[in-house]
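Spelled out, the chains give:
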Amino acid sequence: MTDAHNPAAETALRTAGGAPPDAGVAAEDSPTPLLEPREGIPPVVADAEALAAVVAAFAAGTGPVAVDAERASGYRYGQRAYLVQLRREGAGSALIDPVGCPDLTSLGDALSDTEWILHAATQDLPCLREIGMVPTRLFDTELAGRLAGFPRVGLGAMVESVLGYALEKGHSAVDWSTRPLPEPWLRYAALDVELLIDLRDALEKELDRQGKLEWARQEFDAIATAPPPAPRKDPWRRTSGMHKVRRRRQMAVVRELWTTRDRIAQRRDVSPGKVLGDAAIVEAALAVPPNTHALAGLNGFGHRMGRRQLEQWQAAIDRARALPDVELPQPGQPMTGPPPPRAWADKDPAAAARLSAARTAVSALAEELNLPQENLISPDTVRRICWEPPADTSPDAVAAALSALGARPWQSTLTSVPLSRALTPPGR
């Protein structure tokens, strides 16, 4: 493990005047392919002794630590990490196998006072938390790119447009639970953190140049301190194609098939979609077949499905068919906030007018600041304050209401005045 040199110092921010590019690197200035990690592919850490050496090396390193994780989405049940990649100056890069080392608390503790650099942090933090790695400070390079106004914020696009290097893109959707992991996959994984520190440094300078660095810091703090999300209520309602299911008995079929599928997928540790597709669940719910013969005639339950499998799915359908009416699920979910905006004009025309004015104001301000509307202020926050505005619609009162809804100080400061105008009735 050796110190990393700094290509960011060698490659200036590849944008005219330092502003975010409109379309990546110019054709005459094509990116340099990044084919190999600087120190080669590090060995995969898969036992306690090797992990202890990595912990010691990274604890002795300096500066922030780049962190990434690979999951097996679409192959395995859940979102657990199957590879963790890290890089830090003074420590080099490391690849850790969470199957062989399922508890990385010692590593998380060693880096607890260090800034972690992640790309799209909210995607990786849940699986990192499961294995004992929880940052107290972070820098999200994807979110930084959004705030800085970059049109494309994927890691490859950011590394290319900011640093001038082209990352390999071929292995992002592979089955990372495969063991042993092929060498090309490991090379890809190591390269994902190769330039993350350099990207962070360049983006920090760009955000500072635009006067947005404090905004980014508040956003990063909000991500780092956010509690784990609560489990979804009635997750079966998110079955793809659910909008076709209208009757309560049919909804009960979806619920029973979804629950049965989830139990089987968890037991077999495979993606639920590999057990039974959402389209098949909806097909069965619409038909409510009375027996396995009828079920076998539906799409998704064809001749390749064995009799035993058909019987387990039919048993789930039969349970739904036998439920008394009082136990059938209700259409829709209990409302915890404003109704869908499309219904506002009928339910509350004044609220609909407020929402239209607020959306126009937020859109104009976001365009002026060159950042996405949803990063300027959450659309849900805008809907909630328009549906139930504070009695006092002065900018200060609106700012307080936005903060109570979870807006960060920078967001409240920037949006309170235009939203105050949108919320104030005409003539006041």
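Quick caveat, the model's predicted, so the values are computed rather than measured.

Describing the overall build of the chain
And step 1. Looking only at helices and strands, one finds 20 helices and 8 strands in the chain.
And step 2. If you line up the chain on its principal axes, its C-alpha atoms span 70 × 70 × 45 Å.
And step 3. Looking at the 428 residues of the chain, the share that counts as buried comes to 47%.
And step 4. Considering only residue pairs separated by 6 or more positions, the chain has 69% of its internal contacts joining residues 24 or more positions apart.
And step 5. Accessible area for the chain stands at about 21000 Å²; split by element, carbon and sulfur atoms hold 51% of it.

Structural notes on the pairing of strand 7 (residues 137–140)
And step 1. The sheet contact formed by strand 6 (residues 115–118) and strand 7 spans 4 bridges and is parallel. Residue pairing in the sheet places leucine 118 in a bridge with aspartate 140 of strand 7.

Observations concerning the sheet that holds strand 7
And step 1. Pairing is mixed in the open sheet, where 6 strands are placed in the order 2-5-4-3-6-7. The open sheet has two edge strands with one neighbour each: strand 2 (44–45) and strand 7.
And step 2. The sheet contact formed by strand 4 (residues 81–89) and strand 5 (residues 92–96) spans 5 bridges and is antiparallel. Each residue of the ladder has a partner; that of arginine 88, found in strand 5, is glycine 92.
And step 3. Contacts from helix 4 (residues 121–130) reach strand 3 (62–71), strand 4, strand 6 and strand 7, with the element oriented near 80 degrees to strand 3.

Observations regarding the UniProt feature "domain: HRDC" (unreviewed entry) in the chain
And step 1. Per the UniProt annotation, the sites labelled "domain: HRDC" (unreviewed entry) are residues 247–327.
And step 2. The span residues 247–327 carries 69% helix and 0% strand; its end-to-end C-alpha distance comes to 13 Å.

Notes on a positive patch on the surface
And step 1. On the surface, a cluster of positive charge is made up of Arg263, Arg267, Arg268 and Arg308.
And step 2. No other element matches helix 10 (residues 248–268), which puts 3 residues into the positive patch.
And step 3. Mapped onto the elements of the fold, arginine 268 is located in helix 10.
And step 4. By relative accessible area, which is 45% here, arginine 268 ends up partly exposed.

Things to note about the domain arrangement of the chain
And step 1. Assigned domains of the chain: these are domain 1 (33–225), domain 2 (235–322) and domain 3 (341–423).
And step 2. The C-alpha centroid of domain 3 is placed 42 Å from the C-alpha centroid of domain 2.

Thoughts on the side chain of aspartate 68
And step 1. Along the chain, aspartate 68 turns up in strand 3.
And step 2. Despite its burial, aspartate 68 pairs with no opposite charge, the nearest such side chain being arginine 71 at 6.5 Å.

So, the environment of valine 153
And step 1. With respect to the helices and strands, valine 153 occurs in the loop between helix 5 (141–148) and helix 6 (155–163).
And step 2. The spacing of valine 153 and histidine 119 is 34 residues in sequence and 9.3 Å in space, taken between C-alpha atoms.
And step 3. Setting aside anything within four residues of it in sequence, one finds valine 153 in contact with His119, Glu142, Gly145, Arg146 and Met158.

Side note on the pattern of salt bridges
Any two side chains of opposite charge can pair, on the condition that their charged atoms come close.
And step 1. Enumeration over the complete set of coordinates arrives at 23 salt bridges.
And step 2. Salt-bridge contacts for arginine 38 lead to aspartate 198; the nearest nitrogen and oxygen are separated by 3.2 Å. One end of the pair, arginine 38, is in the loop between strand 1 (32–33) and strand 2; the other, aspartate 198, is in helix 8 (residues 196–210), and 160 residues separate them in sequence.
And step 3. The partner of arginine 319 in a salt bridge is glutamate 256, with the nearest N and O atoms 3.1 Å apart. With a gap of 63 residues between them, arginine 319 in helix 14 (residues 307–322) and glutamate 256 in helix 10 connect regions that are remote in the sequence.
And step 4. The network of salt bridges with shared partners includes Arg38, Glu39, Arg87, Glu194 and Asp198.

A look at the packing of aromatic side chains
And step 1. Scanning the entire structure with this criterion turns up 5 aromatic pairs.
And step 2. Linked through ring pairs, Trp176, Trp185 and Tyr188 together constitute an aromatic cluster.

A word on the layout of surface pockets
To locate leftover empty space, one rolls a probe as large as a water molecule over the atoms.
And step 1. Taken as a whole, the largest pocket encloses approximately 870 Å³ of empty space.
And step 2. Along its surface, the largest pocket is lined by 25 residues, and Tyr77, Gly78, Gln79, Arg232 and Asp262 are the ones closest to its centre.
And step 3. Those elements that provide at least two residues to the lining of the largest pocket are helix 4 and helix 10.
And step 4. Residue contributions to the lining of the largest pocket peak at 5 residues, all from helix 4.
And step 5. In terms of residue class, the lining of the largest pocket is made up of 9 nonpolar, 7 polar and 9 charged.

Rules used throughout
Residues numbered from 1 in each chain as written. Predicted model: local features only at pLDDT ≥ 70, side-chain atom pairs only at ≥ 80, totals over all residues. Heavy atoms only, no water. Helix = DSSP H or I, 4+ residues; strand = E, 2+ residues; numbered from the N terminus. Buried < 20%, exposed > 50% of the residue type's maximum accessible area, 1.4 Å probe, protein only. Contact = heavy atoms within 4.5 Å. Areas by Shrake-Rupley, 256 points an atom, 1.4 Å probe, with all protein chains shown as cover. Pairing = 2+ DSSP bridges. Axes fitted to C-alpha atoms, helices over the stretch in contact; angles between N-to-C directions. UniProt positions renumbered as here; feature names shortened; annotations may be inferred. Patch = residues over 30% accessible without salt bridge, like charges linked within 9 Å, V, L, I, M, F, W, Y side chains within 5 Å. Salt bridge = Lys/Arg side-chain N within 4 Å of Asp/Glu carboxyl O. Lys, Arg positive; Asp, Glu negative; His and termini not counted. Charge placed at Lys NZ, Arg CZ, Asp CG, Glu CD. Domains from an automatic or database assignment. Phe/Tyr/Trp six-rings, centres within 6.5 Å; stacked < 30°, edge-to-face > 60°. 1 Å grid on protein atoms, 1.4 Å probe; cavity = no way out; pocket = protein on both sides within 12 Å on 5 of 7 lines; lining within 4 Å. Points joined across faces, edges and corners; volume = space filled by probe spheres on them. Nonpolar A, V, L, I, M, F, W, Y, C, P; charged D, E, K, R; others polar.

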